[in-house]
Amino acid sequence: MLTPVLDTKPKTDWIALAEEVLAGKELTKKEALGILHAPDTEVLSLLQGAYRIRSHYYGNKVKLNMIINAKSGLCPEDCGYCSQSIVSNAPIEKYPQLSKDVLVDGARKAKEAKAGTYCIVMSGRRPTDKEVDNVIQAVREIKEQHNMKICACLGLITPEQARRLKEAGVDRFNHNINTAASHHANITSTHTYDDRINTINAVKEAGMSPCSGVIIGMGETDEEIVDMANALRELNADSIPVNFLNAIPGTPLGNMPKIGALKCLKVLALFRYINPTKEIRISGGREVNLRHLQPMGLYAANSIFVGDYLTTDGQKTQLDHEMIEDLGFEIEECAFDSEPPVLTK
């Protein structure tokens, strides 16, 4: 007769920790690492705690975002994860900035997909004033036709460009920190971590909502993952896309292994516990890393991208809609219905 092996290690009460977070507690480094190091057998209770926080601020609503790759490839930066980088040999389509009419039509497609936020993304280090002008013209026309949030992701921008984008109707600007400050030099050498922080601050000063996130799976440590989540809390990023590396052959990081699905869920829970009031978005790489556990991620996150990404394919939009429906959740078609609330202490 086999004698069962009992786990006598004390378990964390994740629900109690979630209640403390809702009361204003900020996690210690030890508590944050405890989330990433939690036994796989505790993932369900960990997600239950994350859901307690998520549902408090966002109920069962799910925000949908859709990207248009407004300028592909041709980038002088050497980011190791990116197929559009100058150091990438990945066979991708390369083209200059799309016309205003194509950008406007992309917003129509996003609306049809029930996306409340339309993201205009361009490759490159920084946009020219002419490229910014084209985005501005497109945004003005989109705002006349649709009640939707516009997010721009154009690289390093100047305070003047940020001001003009805000005046044109751009609601949000994305510029990811991507990784921890301590790991940044291992990912790219053509710009600094501070360059990214300065751009986010320029966005905030112009009055646009700051969107900034990370890519998990680029060789960072668990301590650095915690540092990323805390850095975004300090930056007060309203929207936090959590990408899981989709290793693209032909890029310097093309041979990196996939992240386990359970580790992905722990990461999403970590970002919810540390940034309780924010829009946490499951972003690039969710299909290949979370795989069949994608629905479980929405117990911590309250947002996803639908459609394709910049140079990789996403899950079919209908499958995303069905996933949300099967969870008993609801698509929030108007992104202005719930803004990130202020955390009370």
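Residues numbered from 1 in each chain as written. Predicted model: local features only at pLDDT ≥ 70, side-chain atom pairs only at ≥ 80, totals over all residues. Heavy atoms only, no water.

(A) Summary view of the packing of aromatic side chains. Applying the stated criterion to the full structure yields five aromatic pairs. Judged by centre distance (6.4 Å) and plane angle (70°), the ring pair of Trp14 and Tyr273 falls under edge-to-face. With Trp14 in helix α1 (residues 14-22) and Tyr273 in helix α9 (residues 261-274), the pair connects residues that are 259 residues apart, well separated along the chain. Note on Tyr273: relative accessible area 1%, which makes it buried. A centroid spacing of 6.3 Å and a plane angle of 85° characterise the contact between Phe305 and Tyr309, whose relative ring orientation is edge-to-face. The same class applies to Phe305 as to Tyr309, namely buried. These aromatic residues form a ring-pair network of at least three members: Tyr51, Tyr299 and Phe329. Over the face of the ring belonging to Phe305 we find Arg281, whose NZ or CZ atom lies 4.6 Å from the ring centre. (Phe/Tyr/Trp six-rings, centres within 6.5 Å; stacked < 30°, edge-to-face > 60°. Helix = DSSP H or I, 4+ residues; strand = E, 2+ residues; numbered from the N terminus. Buried < 20%, exposed > 50% of the residue type's maximum accessible area, 1.4 Å probe, protein only. Lys NZ or Arg CZ within 6 Å of the ring centre and 35° of its normal.)

(B) Molecular detail of the pattern of salt bridges. Applying the stated criterion across every chain yields a total of 23 salt bridges. Linking Glu279 and Arg172 is a salt bridge whose minimum nitrogen-to-oxygen distance equals 3.0 Å. Placement of the pair is Glu279 in strand β8 (residues 279-282) and Arg172 in strand β4 (residues 172-174), with a sequence separation of 107 residues. Of the two residues, Glu279 and Arg172, neither departs from the other in class, the shared state being buried. Among the ionic pairs, Asp238 bridges to Lys278, the shortest N-O distance being 3.5 Å. Here Asp238 is found in the loop between α8 (222-235) and β7 (239-244), whereas its partner Lys278 is found in the loop between α9 and β8, with 40 residues between them in sequence. On the basis of relative accessibility, which here comes to 18%, the residue Asp238 falls in the buried class. (Salt bridge = Lys/Arg side-chain N within 4 Å of Asp/Glu carboxyl O.)

(C) Spatial organisation of the side chain of Arg272. Turning to its location among the elements, Arg272 is positioned in helix α9. Comment: no salt bridge for buried Arg272; closest opposite-charge side chain is Glu279, at 8.7 Å. Beyond its immediate stretch of four places on either side in the chain, Arg272 contacts Ala50, Ile53, Arg54, Tyr58, Thr277, Lys278, Ile280, Ala300, Ala301 and Asn302. (Lys, Arg positive; Asp, Glu negative; His and termini not counted. Contact = heavy atoms within 4.5 Å.)

(D) Highlighting the nonpolar core. In terms of nonpolar packing, the biggest core is built from 91 residues, with Phe271 and Tyr273 touching the most fellow members. In terms of residue count, α9 provides more of this core than any other element does, nine residues in total. Look past the residues within four positions of Phe271 in its chain and what remains in contact with it is Val214, Ile225, Met228, Ala229, Leu232, Ile240, Val242 and Ile280. (Core = buried A, V, L, I, M, F, W, Y, C linked by side-chain atoms within 4.5 Å.)

(E) Representation of the state of the cysteines within the structure. Under the defined criterion, the tally for this structure stands at zero disulfides. Left unpaired, Cys82 is separated from the closest cysteine sulfur, that of Cys79, by 6.3 Å. Between Cys119, a free cysteine, and Cys151, which holds the nearest cysteine sulfur, the sulfur-to-sulfur gap is 4.6 Å. (Disulfide = S-S within 2.5 Å.)

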